[in-house]
Amino acid sequence: MRTTRRAAALLAACALVVVAGCSSSGGKEAKDSPSKGGGGEPATTQRLKIAMVTHSGEGDTFWDIVQSGAKVAARKDNVEFLYAANKEGKEQAQLIQTYIDQKVNGIIVTLAKPEAVKDVVKKAVAAGIPVVTINSGAEFSKEVGALSHIGQDETVAGEAVGEELNKRGKKKAICVIHEQGNVSLEARCAGVKKTFKGTVENLNVEGTNMPASTSSIEAKLQSAKDIDAVVTLGAPFAAASVKAKEGAGSSAEVNTFDLNAEVVKQLKAGEIGFAVDQQPYLQGYLAIDELWLNKTNGNVIGGGKPILTGPALVTEKDVPALEKLTADGTR
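Predicted model only: the values in this text are computed from it and were never measured.

1. Observations concerning the nonpolar core
Core analysis: the biggest nonpolar cluster contains 29 residues, and M52, F81, I108, I134, I150 and I288 have the highest contact counts within it. Of all the elements in the fold, those that place two or more residues in this core are β2 (48-54), α2 (62-76), β3 (79-85), β5 (131-134) and α11 (280-297). If we ignore the near neighbours within four places in the chain, the residues touching I288 are I50, A70, A73, A74, D77, F81 and I108. If you look at the next biggest cluster of nonpolar residues, it comprises 25 residues, including A224, I227, V230 and L259.

And the structure:
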């Protein structure tokens, strides 16, 4: 797989941090065996309680992988891990407030809809609860007082997709947005538009209704036969686009952000051209580690700069190395 130069350098730095820091509900239940993905003997430091609040929609497998990483790190660090999610910003803010009231030792939060949650995140920081942001809204992380942000630069990731589409000779693409108002999804599509030499049109679909999303994509491909690339912004929507492509009789290449076991199967079958991996397992793992290191050793990872976990472009050539890892829920 290929990473951008900037992402590769920071990923290497992250790997060193993980080694130095180690001591001795989405969809399916996340696999979190300590023998997989960086587990080890539990720390002997004080028992901490750390909560994660995300904008996950129901059944989104991406967040299973994030939780897998968080759970392994939590076991290693002697941490009680709490998780809650809501795709609506107002409800997400209420969940954060609940954890503030519980006086947890740290909070991990996504900033997909920053205007809805930033005030309550600031409230957590003011109450002495350290916060790490992950995945979404990196540009707002410092403003809300977070220790750092862990994830990929969404604009850079989108630009990488645009460049790859150019290499593949594509001329007209649709960028499928499955959650309107999510700043990270909008940044991805904007990045694609910035570097892609062809034309890009955003297509908003109802992300919580997969049949409706499939129908919307199929209708678009039927009405515009010259579309030769579909870019989805989450792994579940890649499968929907493959189905929509077949229904429309389209020859468009389907590509996607994010990775899971199904996407790897589709890469192997040639149903998807490439995927953008932001390593969600690392986002959960490093976020727990950062809060544990901060509470037990006063560390702050990243020096105030975002800690990048991607993007990496994954193709059929990477399938042999990824099949078992995605099946284990660590990639």
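On we go from here.
2. Some remarks on the packing of helix α6 (residues 154-167) against helix α7 (residues 183-195)
Helix-helix packing: each pair is described by the crossing angle between the helix axes and the interaxial distance. Between α6 and α7, whose axes approach to 6 Å, the crossing angle comes to 40 degrees. One finds that α6 runs oblique with respect to α7. The crossing of α6 and α7 is right-handed. For the pair formed by α6 and α7, the contact residues are E154, T155, G158, E159, V161, G162, E163, L165 and N166 on the first element and S184, A187, R188, G191, V192, K194 and T195 on the second. Its residues placed into classes, the contact of α6 with α7 shows four nonpolar, seven polar and five charged.

3. Considerations on the packing of aromatic side chains
Applying the stated criterion across every chain, the model contains three aromatic pairs. For the ring pair F62 and W63, a centre distance of 5.0 Å and an interplane angle of 75 degrees mean the geometry is edge-to-face. Summarising the burial analysis for this pair, F62 and W63 share the class buried. An angle of 25 degrees between the planes, with centres 6.2 Å apart, marks the rings of Y281 and Y285 as stacked. With Y281 and Y285 both in helix α11, this residue pair falls four residues apart, about one helical turn. For Y285, a relative accessible area of 2% translates into the label buried.

4. Things to note about the sheet that holds strand β6 (residues 149-151)
In space, the six strands of this open sheet follow the order β3-β2-β4-β5-β6-β12, with parallel pairing throughout. Because the sheet does not close on itself, it has two edges, and the strands there are β3 and β12 (307-308). Running over the sheet, α2 touches β2, β3 and β5 and is turned about 165 degrees from β3. Seen against the sheet, helix α3 (residues 89-101) touches β2, β3 and β4 (106-109) and runs at an angle of roughly 175 degrees to β2.

5. Things to note about helix α12 (residues 319-328)
Side chains that are three or four residues apart share a direction in an α-helix, a result of its 3.6 residues per turn. Within the sequence span of α12, burial applies to V319, L322, T326 and D328. The inward-facing, buried residues of α12 abut α10 (261-268) and β13 (312-314). The first or second residue beyond α12 is G329, which carries a positive phi of 80 degrees.

6. Some points on the state of the cysteines
Under the definition given, this model contains one disulfide. Two residues, C175 and C189, share a disulfide whose sulfurs are 2.1 Å apart. Note on the C175 and C189 pair: the S-S dihedral is about -90 degrees, so by sign convention the disulfide is left-handed. Of this pair, C175 sits in strand β7 (residues 172-177) while C189 sits in helix α7; the two residues are 14 residues apart in sequence, bridging distant segments of the chain. Of the two residues, C175 and C189, both sit in the buried class.

7. What to know about the pairing of strand β9 (residues 229-232)
Where a strand is regular, its side chains alternate between the two sheet faces. On β9, burial covers both faces: A229 and V231 on one face and V230 and T232 on the other are all buried. Relative to β9, β7 runs parallel, the two sharing four bridges. Following the sheet pairing, C175 is matched in β9 by V231. Bridging between β9 and strand β10 (residues 253-257) involves four bridges; their strand directions are parallel. Note that in β10 the partner of A229 across the bridge is E253.

8. Overview of the packing of α10 against α12
At a minimum axis distance of 9 Å, the contact between α10 and α12 shows a crossing angle of 155 degrees. Here α10 lies roughly antiparallel to α12, going by the angle between them. In terms of crossing hand, the pair formed by α10 and α12 is left-handed. Between α10 and α12, the contacting residues are A261, V264, L267 and K268 on the first element and V319, L322, E323, T326 and A327 on the second.

9. Topic: the pattern of salt bridges
Counted under the stated rule, the structure contains 16 salt bridges. When the shortest N-O distance is used, the salt bridge between E179 and K113 registers 3.4 Å. With E179 in the loop between β7 and α7 and K113 in the loop between β4 and α4 (114-126), this pair connects stretches of sequence that are 66 residues apart. The exposure class of E179 is buried, given its relative accessible area of 14%. In this structure K113 comes out as buried when scored by relative accessible area, which is 19%. As a salt-bridge pair, K324 and D328 come within 2.8 Å of each other at their nearest N and O atoms. Remark: D328 and K324 occur in helix α12; sequence separation between them is four residues, near one turn of the helix.

Each value, and the rule that gives it
Residues numbered from 1 in each chain as written. Predicted model: local features only at pLDDT ≥ 70, side-chain atom pairs only at ≥ 80, totals over all residues. Heavy atoms only, no water. Core = buried A, V, L, I, M, F, W, Y, C linked by side-chain atoms within 4.5 Å. Buried < 20%, exposed > 50% of the residue type's maximum accessible area, 1.4 Å probe, protein only. Helix = DSSP H or I, 4+ residues; strand = E, 2+ residues; numbered from the N terminus. Contact = heavy atoms within 4.5 Å. Axes fitted to C-alpha atoms, helices over the stretch in contact; angles between N-to-C directions. Parallel < 35°, antiparallel > 145°, perpendicular 65-115°, else oblique. Left-handed = near helix turned anticlockwise from the far one by under 90°. Nonpolar A, V, L, I, M, F, W, Y, C, P; charged D, E, K, R; others polar. Phe/Tyr/Trp six-rings, centres within 6.5 Å; stacked < 30°, edge-to-face > 60°. Pairing = 2+ DSSP bridges. Disulfide = S-S within 2.5 Å. Salt bridge = Lys/Arg side-chain N within 4 Å of Asp/Glu carboxyl O.

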